[in-house]
Amino acid sequence: VDLSRRYLEMLEQGAAVIRGILSHLAAGDAPPTVFHCTGGKDRTGVVAAVLLRLLGVPDDAIVEDYAVSERNLAPFVAASRAEMERQGHDPAIVLYLCGSPPERMRSMLAGLDARWGGIEGYLDWIGLERATRESLRARLLVPAVPAER
């Protein structure tokens, strides 16, 4: 399993779901929302990367946010790893599947750029309306405070 490639497949195959999540977050009456998956790094990481890119967050920050998952999920990973190894799975594969190295997210972001020409091209491709994008930015970004002179 090549997770970098799998993340790109998630962008493609999960287009309707990602559009739905972003549309929900943009709705004026949307309550505070948490999105997650079983491990909290793969599907969650892909959706978070799309949202952060839409908001103009630099790739280095997106990659750092993704990579910290490995440390934050360490207790869950240790328990999962032990169970998977008890079931006879290769420890190297378990470590690969449970990890979140920065290069994996960098590869996904580069693949998104290569395939769709960047986040705006991807959002066009999944059919996320420009008004929805602007609503997300308005709801989730804090206006910069001008520096005092």
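First things first, this report covers the structure right here in the doc. Since we're looking at a predicted model, the values are computed, not measured. (Residues numbered from 1 in each chain as written. Predicted model: local features only at pLDDT ≥ 70, side-chain atom pairs only at ≥ 80, totals over all residues. Heavy atoms only, no water.)

## Quick word on the nonpolar core
As a reminder of what qualifies: Buried Ala, Val, Leu, Ile, Met, Phe, Trp, Tyr and Cys residues form a nonpolar core when they are joined through side-chain atoms within 4.5 Å. Three exposure classes are used, based on accessible area relative to the maximum for each residue type with a 1.4 Å probe and protein chains only: buried under 20%, partly exposed in between, and exposed over 50%. Helical segments are the DSSP runs of H or I of at least four residues, strand segments are the runs of E of at least two, and each set is numbered from the N terminus.
Judged by nonpolar contacts, the single largest core of 30 residues is most densely connected at Leu11, Ile18, Leu22, Tyr122 and Leu123. Where this core is concerned, the elements lending two or more residues are helix 1 (3–13), helix 2 (15–26), helix 3 (43–54), helix 4 (59–72), helix 7 (102–116) and helix 8 (119–126). No other element matches helix 3, which puts 6 residues into this core.

## What about the layout of surface pockets?
Defined as follows: For each structure, a 1 Å grid was placed over the protein atoms alone; sets of points admitting a 1.4 Å probe that cannot get out are labelled cavities, open sets with protein on both sides within 12 Å along at least five of seven lines are labelled pockets, and lining residues have an atom within 4 Å of a point. Grid points are joined across faces, edges and corners, and a volume is the space filled by probe spheres set on the points. For this classification, Asp, Glu, Lys and Arg are treated as charged, while Ala, Val, Leu, Ile, Met, Phe, Trp, Tyr, Cys and Pro are nonpolar and the rest, including Gly, are polar.
The space that makes up the second largest pocket amounts to roughly 220 Å³. Lining the second largest pocket are 14 residues, and of these Val17, Ile18, Ile21, Arg43 and Val47 sit closest to its centre. Broken down by secondary-structure element, the contributors of at least two residues to the lining of the second largest pocket are helix 1, helix 2 and helix 3. It is helix 3 that provides the largest number of residues to the lining of the second largest pocket, a total of 4 residues. Partitioning the lining of the second largest pocket into residue classes produces 8 nonpolar, 4 polar and 2 charged.

## Topic: the pattern of salt bridges
Quick note on the threshold: By definition, a salt bridge exists where a carboxyl oxygen of Asp or Glu is found within 4 Å of a side-chain nitrogen of Lys or Arg.
On inspection of all chains with the given rule, the structure shows 14 salt bridges. Taking the shortest distance from any N to any O, the salt bridge between Asp60 and Arg106 comes out at 3.0 Å. Here Asp60 is found in helix 4, whereas its partner Arg106 is found in helix 7, with 46 residues between them in sequence. Its salt-bridge partner being Arg86, residue Glu83 comes within 3.0 Å of it at the nearest N-O pair. One end of the pair, Glu83, and the other, Arg86, are both in helix 5 (residues 74–86), 3 residues apart, so they sit about a helical turn from each other.

## Side note on the side chain of Ser69
Filter applied, for reference: Residue contacts are counted whenever heavy atoms from the two residues lie within 4.5 Å of one another.
Looking at the element boundaries, Ser69 is found in helix 4. Residue Ser69 is classed as buried on the basis of its relative accessible area, which comes to 12%. Those residues in contact with Ser69 that lie beyond four places of it in its chain are Gly40, Lys41 and Ser100.

## Notes on the packing of helix 3 against helix 8
In plain terms, the rule: Where helices are involved, their axes are fitted lines through C-alpha atoms of the stretch in contact, as for all axes, and angles between N-to-C directions lie from 0 to 180°. The crossing is said to be left-handed when, going from far helix to near helix, the turn is anticlockwise and less than a right angle, and right-handed when the turn is clockwise.
Running from N to C, helix 3 and helix 8 cross one another at 115°; their axes reach a closest spacing of 10 Å. Regarding helix 3 and helix 8, the two cross each other, and that crossing is left-handed. When helix 3 is examined against helix 8, the residues Val50, Arg53 and Leu54 are found in contact with a partner set consisting of Ile119, Tyr122 and Leu123. The residue inventory of the contact of helix 3 with helix 8, partitioned by class, reads 5 nonpolar, no polar and 1 charged.

By themselves, these observations are geometric and do not establish any function.
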